[in-house]
Amino acid sequence: MTFVASGPGLGEIVPEELGNQLGRAERPVNFVAKPSKGQKTSHGLRVLLFYPNMRGNTMLPPVIAMFSALLKERGFHVDLFDTTYYAVKGFSDDHDSDMEDKVKRGNVLPFDFGEIGAIKQSDGYEDFLKKVEEFQPDLIAASCTEDMYLLGLSFLRYLRRHHNILTIMGGVFATFAPHIAISADEVDIVCVGEGEYALVELCERLERGQDYVNISNLWVKDRKKNIIRNPISVPVSMEDNPLLDISIFESNRLYRPMQGNVYRMLPVETHRGCPYTCTFCNSPSQNRLYAASTNENFFRKKRFDYVRKELAYYRDVVKAEFLYFWADTFFAYSPSEFDEFVEL
C-alpha cells in the first residue's frame, strides 16, 4: 500500500465581513450527541445525499462518506446519487476536452479506466428522478464546490419540476457564497461552515416534527421565504467523527488514476484548515470566518492514534492500494510530530 499527499486548493472567495454578518455562537444549538455503542435508535427519516461531479474528478469525497456514517449510526436511512460517471450535456464536454489537453501537454500520464470508469449510458437527470421516486427521501443534502454548483443546480431544478422535497446545500461554495446558494428556488437551506453538527440536528428535528429555523450554521428559508441567518457554531472535534462509510459509493468510485495506472485509493483526513495565508487557497478564509464568528481557531490536527486507526481500517478492511492524505499542508507538523507520523 502506498501513500500520497493531497489537499484542496480553492480560490479565496469569501468576503471579509461574512463572519461578522453571521454572528457568533459558543456551541451548537440543541446538537444531539452521538449515541453510545449498542444504543442505536431506529428512525424512519430518509436522507438522499447528492454529489454533483464530473467524470475525471475521481477523488472520493470524504464529506459524503462522513455524513453517511454519522446519519447511519443514528439509525437514519441514507442513499446517494453521484453524477461522476454521467455524461451531462453542457457540462461534461468541456471537462473531457480539458482532460485530453492535460494528457497532450504531459500534465497527466495517459491512463485507461477500462470498465471501472465506463460512462453510464442512461440520462443522468432521469436517473436522479428515478432514484428519488424509489428511495422517497424526506431530505436531499447536496455538497458543492464552486465549479460544480451550476451542475448541481441543474439537477435540483429538474427534480423540482416533479417533486418539492426539502433540500439543503453545503460545501465550499455554500460556505463562501451562501447568499447566492440560498437565492436559488431549488435550495431551501444552506449550510455555512462545517456540517456535521448541523445536518445531524436538522435530521433529528425533522424526525421529531420540530421547527429547524434556528440551527447553528444554517441559513433557512421560512414559510414566507424570509431567510433566517443563524450563527456559526464552534469547530467540530475531528476525533468525534466515525470512520467513513465507504459502502455508500458504487465500487468504481474507489478507483483513481496515478502515474498512468488505476488504483483502489481512499482519503485519510489528518488536518482541517491551515495556519498559512496562501492567496490561492480557501483556508485563510476559513480561519477568518471562524475567528470572526466563534473566536475559535479553525485549524486542527487529528490525533495520531485516530489516524492510525483509520490507516488500519483502510488497509485491512477496505483493502486500499493507495491512500491520499486529506490535508491542506503537512508543513504544519512540528519536527516531533513528523517523527511520530513517520512511525505510523
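The written sequence of each chain sets the order in which its residues are numbered from 1. Since the coordinates come from a predicted model, pLDDT governs what is reported: local features require at least 70, and pairs of side-chain atoms require 80 or more to be given and counted, while whole-chain, interface and lining totals use all residues. As a rule here, side-chain values come from all non-hydrogen atoms in the structure, and water together with hydrogens is ignored.

### Some points on the side chain of D188
Point 1. By the criteria applied, helices consist of DSSP H or I runs no shorter than four residues and strands consist of E runs no shorter than two, each listed in order from the N terminus. Position of D188 relative to the elements: it lies in the loop between helix 7 (178-181) and strand 6 (189-191).
Point 2. Between buried and exposed lies partly exposed: a residue is buried under 20% and exposed over 50% of the maximum accessible area for its type, with that area taken using a 1.4 Å probe on protein chains only. Note on D188: relative accessible area 10%, which makes it buried.
Point 3. In the analysis that follows, any N or O atom pair within 3.5 Å is treated as a polar contact, provided that within protein one partner can donate a hydrogen and the other can accept it, and provided that, for residues neighboring in sequence, both atoms belong to side chains. Among the polar contacts made by the side chain of D188, one reaches the main-chain amide nitrogen of T167 at a distance of 2.8 Å.
Point 4. Note on contacts: a residue pair is in contact if any heavy atoms of the two residues lie within 4.5 Å. In this structure, D188 is in contact with R160, I165, L166, T167, I182, W219, V220 and K221, ignoring residues within four places of it in sequence.

### Describing the environment of G171
Point 1. You can see G171 is positioned in the loop between strand 5 (167-170) and helix 6 (172-176).
Point 2. The class of G171 is partly exposed, set by a relative accessible area of 25%.
Point 3. On a C-alpha basis, the gap between G171 and C144 in space is 5.1 Å, while along the polypeptide they are 27 residues apart.
Point 4. The residues contacting G171, other than those within four sequence positions of it, are S143 and C144.

### Some details on the packing of helix 4 (residues 124-135) against helix 5 (residues 149-160)
Point 1. A fitted line through C-alpha atoms serves as each axis, taken over the contacting stretch for helices, and the angle formed by two N-to-C directions is quoted from 0 to 180°. The interhelical angle for the contact between helix 4 and helix 5, taken along N-to-C directions, is 55°, at an axis separation of 10 Å. Relative to helix 5, the element helix 4 is oriented oblique. By crossing handedness, the relation of helix 4 to helix 5 is classed as right-handed. Between helix 4 and helix 5, the contacting residues are G124, Y125, E126, F128, L129 and V132 on the first element and S154, F155, L156, Y158 and L159 on the second.
Point 2. Amino acids are sorted into nonpolar (Ala, Val, Leu, Ile, Met, Phe, Trp, Tyr, Cys and Pro), charged (Asp, Glu, Lys and Arg) and polar (every other residue, Gly among them). A per-class count over the contact of helix 4 with helix 5 returns eight nonpolar, two polar and one charged. With respect to orientation, any angle under 35 degrees is reported as roughly parallel, any angle over 145 as roughly antiparallel, any angle of 65 to 115 as roughly perpendicular, and every other angle as oblique. The crossing is said to be left-handed when, going from far helix to near helix, the turn is anticlockwise and less than a right angle, and right-handed when the turn is clockwise.

### A word on the confidence of the model for the chain
Point 1. Residue-level confidence of the predictor is summarised by pLDDT, bounded by 0 at the bottom and 100 at the top. Model confidence for the chain is summarised by a mean pLDDT of 84, while 84% of its residues fall at 70 or above.
Point 2. Predicted confidence for residues 2-40 stays below pLDDT 50, and this span has 111 contacts to residues more than four positions away or in other chains.

### Observations concerning a negative patch on the surface
Point 1. A cluster of like negative charges, contributed by D123, E126, E133 and E134, occupies part of the molecular surface.
Point 2. Secondary-structure assignment places E134 in helix 4.
Point 3. Since its relative accessible area comes to 57%, E134 is described here as exposed. Each patch groups residues whose relative accessible area exceeds 30% and which form no salt bridge, using 9 Å between like charges and 5 Å between nonpolar side chains of Val, Leu, Ile, Met, Phe, Trp and Tyr. Residue burial considers only the protein chains on display, and all accessible areas are found by Shrake-Rupley using a 1.4 Å probe. Whenever a carboxyl oxygen of Asp or Glu lies within 4 Å of a side-chain nitrogen of Lys or Arg, that contact is scored as a salt bridge. His is not counted, nor are the chain ends, whereas Lys and Arg count as positive and Asp and Glu as negative. To locate a charge, take atom NZ for lysine, CZ for arginine, CG for aspartate or CD for glutamate.

### Some details on the sheet that holds strand 2 (residues 46-51)
Point 1. Within the open sheet, the seven strands sit side by side as 3-2-4-5-6-7-8. Their pairing is mixed. One side of each edge strand has no neighbouring strand; the edge strands of this open sheet are strand 3 (77-82) and strand 8 (227-229). Within the sheet, the average angular offset between the axes of one strand and its neighbour, ignoring direction, is 20°.
Point 2. For two strands to count as paired, DSSP must find a minimum of two bridges between them. In terms of strand pairing, strand 5 meets strand 6 through two bridges, oriented parallel. Within the sheet, the bridge partner assigned to M169 lies in strand 6 and is V190.

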